[in-house]
Amino acid sequence: MDGGGAASNASGIAAAAAGNGVQAGAGGERAEDASKQNLAQVTASIQKTLGLLHQLNLNVSSFSSASQLPLLQRLNALVAELDTMQKLAEGCNIQVPMEVVNLIDDGKNPDEFTRDVINSCIAKNQVTKGKTDAFKSLRKHLLEELEQAFPEDVEQYREIRATSAAESKRLAQSQSALPNGDVKVKPEH
């Protein structure tokens, strides 16, 4: 196996790990910040390991007896860095889907998985929107038919529905209003 394949796989794993969310524990923002910092350290360690693998590849490809000591030093540095990476990784709670790992093992770009998931979500969203539109159309058609058969009842239904909608809107606004009249805004994460 050439050093480029290992570097490519390690790079893909680093990209997959960096692209996924870090799950914070129940500790709140401090735990999340610590996890992000730990993830950054793991990512830096992966980058350092990739550099060491590249240097090893160069040493091995141009090996001579005089370059044996630098080769051993680089091997020892790689082992030490892999040990550091393992210790740092224990503090990370990252969930990488198996499909991403399989894509990386197959030498493919993990972004393909993301693209496929997004395309799947778009397709499901379109199906759901179609169903919603069909139900809206059915509701409209039923109301038109009911209005022809029972005009007074439909008018009463519309009044009740309008009153209920206004009450729901007022309740939602009152729950998000501060004592000074401002509206609460949810912070974005």
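Data block above holds the structure.
Note that the structure is predicted; figures quoted are calculated from it, not measured.

J.: Got a minute to help me understand the packing of helix α5 (residues 111-149) against helix α6 (residues 151-175) in this structure?
T.: Two numbers describe how α5 lies on α6: the axes approach to 6 Å, and their chain directions differ by 135°. Here α6 runs oblique to α5, going by the angle between their axes. Contacts between α5 and α6 involve Arg-139, Leu-143, Leu-146, Glu-147, Gln-148 and Ala-149 from the former and Pro-151, Val-154, Tyr-157, Arg-158 and Arg-161 from the latter. Among the residues forming the contact of α5 with α6, the class breakdown is six nonpolar, one polar and four charged.

J.: Even after reading the chapter, I still don't get helix α3 (residues 68-89), so can you show me in this structure?
T.: Residues three or four positions apart in an α-helix share a direction because the helix packs 3.6 residues into each turn. Spanning 22 residues, α3 covers 31 Å between terminal C-alpha atoms, matching the ideal 32 Å at 1.5 Å per step. Listing the buried residues of α3 in full gives Leu-71, Leu-78, Glu-81 and Met-85. One side of α3 holds all its buried residues, which, seen down the axis, span an arc of 85°. Summarising the geometry of α3, the exposed residues directed more than 90 degrees from the buried face are Leu-69, Asn-76, Val-79 and Lys-87.

J.: Just to check I follow, could you spell out a nonpolar patch on the surface for this structure?
T.: A cluster of nonpolar side chains, Phe-135, Leu-138, Leu-142, Leu-146 and Phe-150, forms an exposed patch at the surface whose accessible area comes to about 500 Å². Here Phe-135 shows up in helix α5.

J.: Can you walk me through the pattern of salt bridges in this structure?
T.: Side-chain pairing between opposite charges can occur once the charged atoms of the two side chains come close. One pass over the structure, following the stated rule, counts six salt bridges. A salt bridge links Lys-48 to Glu-81; its shortest N-O distance comes to 3.4 Å. Of this pair, Lys-48 sits in helix α2 (residues 29-61) while Glu-81 is found in helix α3, placing the two residues 33 residues apart along the sequence. A relative accessible area of 8% places Glu-81 in the buried class. Close ionic contact of Glu-167 with Arg-170 constitutes a salt bridge, the shortest N to O distance being 3.4 Å. With a gap of three residues between them, Glu-167 and Arg-170 both fall in helix α6, about one helical turn apart.

J.: Even after reading the chapter, I still don't get the environment of Lys-36, so can you show me in this structure?
T.: Within the secondary structure layout, Lys-36 lies in helix α2. For Lys-36, a relative accessible area of 46% gives the class partly exposed. Considering only alpha carbons, one finds Lys-36 and Cys-92, 56 residues apart in sequence, at a separation of 8.4 Å.

About the cut-offs
- The residue count restarts for each chain, going from 1 along the sequence in the order it is written.
- Selection of residues for local features in this predicted model requires a pLDDT of at least 70, selection of side-chain atom pairs for listing and counting requires 80 or more, and totals for whole chains, interfaces and linings are taken over all residues.
- Hydrogens and waters are ignored; side-chain quantities use all the structure's heavy atoms.
- All axes here are fitted lines through C-alpha atoms, helices being fitted over the stretch that makes contact, and every angle between N-to-C directions spans 0 to 180 degrees.
- A run of H or I in DSSP becomes a helix once it reaches four residues, and a run of E becomes a strand once it reaches two; helices and strands are each numbered from the N terminus.
- Orientation labels follow simple angle bins: below 35 degrees gives roughly parallel, above 145 gives roughly antiparallel, 65 to 115 gives roughly perpendicular, and whatever is left gives oblique.
- Contact definition: two residues touch when any of their heavy atoms are within 4.5 Å.
- Only Asp, Glu, Lys and Arg are considered charged in this grouping, and only Ala, Val, Leu, Ile, Met, Phe, Trp, Tyr, Cys and Pro are considered nonpolar; every other residue, Gly among them, is considered polar.
- A helix is expected to reach a length of 1.5 Å times the quantity of its residues less one.
- Think of it in three bands: with a 1.4 Å probe and only protein chains considered, a residue is buried below 20% of the maximum accessible area for its type, exposed above 50%, and partly exposed in between.
- In this context, the arc is that of the directions from the helix axis out to the C-beta atoms.
- Every patch collects residues that have over 30% relative accessible area and no salt bridge, joining them within 9 Å if they carry like charges and within 5 Å if they are nonpolar side chains (Val, Leu, Ile, Met, Phe, Trp, Tyr).
- Per-residue and other accessible areas were derived by the Shrake-Rupley procedure at a 1.4 Å probe size, with only the shown protein chains allowed to occlude residues.
- Criterion for a salt bridge: a side-chain nitrogen of Lys or Arg within 4 Å of a carboxyl oxygen of Asp or Glu.

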